[in-house]
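# Notes for the structure review
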Amino acid sequence: MGDERTSHHSEKTIRDLVNRMNRIEGQVRGVKGMIERHVYCDDVLNQIASVQSALNGVSKLLLEKHMKSCVREQLQEGDEEVIDEVLKTIFKMMK
């Protein structure tokens, strides 16, 4: 498995992403608790929308960092296949 790719993000970026994911994890546990407590559906749905929005924020930040580091490096090395890879990922994100 010496072929495994890794990201090249700064410690600050990693901390930011992890902190955001920790908050989202707490939000998801909160939604689960709301369901268990039979909280009104509309309130649960609003919290789910909030979680989705937070996940979208993480995705956008990670995509930006990916484009500015990993993708840039691969393009500079002449690897143009990375363009198709990123487009495929973006199309998945847009679903």
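This text gives an overview of the structure that appears in the document. (Residues numbered from 1 in each chain as written. Predicted model: local features only at pLDDT ≥ 70, side-chain atom pairs only at ≥ 80, totals over all residues. Heavy atoms only, no water.)

## Here's the deal with the overall build of the protein chain
Here is the rule we go by: Secondary structure elements are defined from DSSP: runs of H or I of at least 4 residues count as helices, runs of E of at least 2 residues count as strands, and each element is numbered from the N terminus. What the globule rule says is 2.2 Å times the number of residues to the power 0.38, and the radius of gyration is computed from C-alpha atoms. For the exposure calls, accessible area comes from a 1.4 Å probe over protein chains only, and a residue counts as buried if that area is under 20% of its type's maximum, exposed if over 50%, partly exposed in between. What makes two residues a contact is simply this: any of their non-hydrogen atoms within 4.5 Å. The method behind every accessible area is Shrake-Rupley, applied with a 1.4 Å probe, and residues are considered shielded solely by the protein chains displayed. When charges are tallied, Lys and Arg are placed among the positive residues and Asp and Glu among the negative ones, while His and the ends of the chain are skipped. All charge positions are set by atom: Lys at NZ, Arg at CZ, Asp at CG, Glu at CD.
Counting its secondary structure elements, the protein chain contains 3 helices and 0 strands. Listing every helix and strand of the protein chain by position from the N terminus yields α-α-α. Its C-alpha radius of gyration of 17 Å places the protein chain more than 25% over the 12 Å reference for a compact globule of 95 residues. C-alpha atoms of the protein chain, sized along the principal axes, occupy 55 × 30 × 25 Å. For the protein chain, the residues scored as buried account for 18% of the 95 residues in total. Contacts in the protein chain between residues at least 24 apart in sequence constitute 60% of all its contacts with a sequence separation of at least 6. Accessible surface for the protein chain amounts to roughly 7700 Å². Of this, 54% is attributable to carbon and sulfur atoms. A distance of 7 Å separates the average location of the 15 positive side-chain charges in the protein chain from that of its 16 negative side-chain charges.

## Details of the packing of helix 2 (residues 41–76) against helix 3 (residues 81–93)
The line we're drawing: Every axis in this analysis is a line fitted to C-alpha atoms, fitted for helices over the stretch in contact. Angles between the N-to-C directions lie between 0 and 180 degrees. We call two directions roughly parallel when the angle between them is under 35 degrees, roughly antiparallel when it is over 145, roughly perpendicular when it lies between 65 and 115, and oblique otherwise. Polarity classes work like this: nonpolar for Ala, Val, Leu, Ile, Met, Phe, Trp, Tyr, Cys and Pro, charged for Asp, Glu, Lys and Arg, and polar for all others, with Gly in that last group.
Where helix 2 meets helix 3, the closest approach of the two axes is 11 Å, and the angle between their N-to-C directions is 170°. The angle between helix 2 and helix 3 falls in the class roughly antiparallel. Where helix 2 abuts helix 3, its residues Ser-59, Leu-63, His-66, Met-67, Val-71, Gln-74 and Leu-75 lie against Val-82, Ile-83, Glu-85, Val-86, Ile-90 and Met-93. Per-class residue counts for the contact of helix 2 with helix 3 are 9 nonpolar, 3 polar and 1 charged.

## Observations regarding the side chain of Gln-74
Residue placement: Gln-74 occurs in helix 2. Apart from the residues within four sequence positions on either side, Gln-74 is in contact with Arg-5, Asp-79 and Val-82.

## With respect to the packing of helix 1 (residues 11–36) against helix 2
The line we're drawing: Helix crossings get a hand from a simple test, with the near helix turned counterclockwise from the far one by less than a right angle marking a left-handed crossing and a clockwise turn marking a right-handed one.
The interhelical angle for the contact between helix 1 and helix 2, taken along N-to-C directions, is 165°, at an axis separation of 10 Å. Between helix 1 and helix 2, the angle falls in the class roughly antiparallel. In the crossing of helix 1 with helix 2, the sense of the turn from one axis to the other is left-handed.

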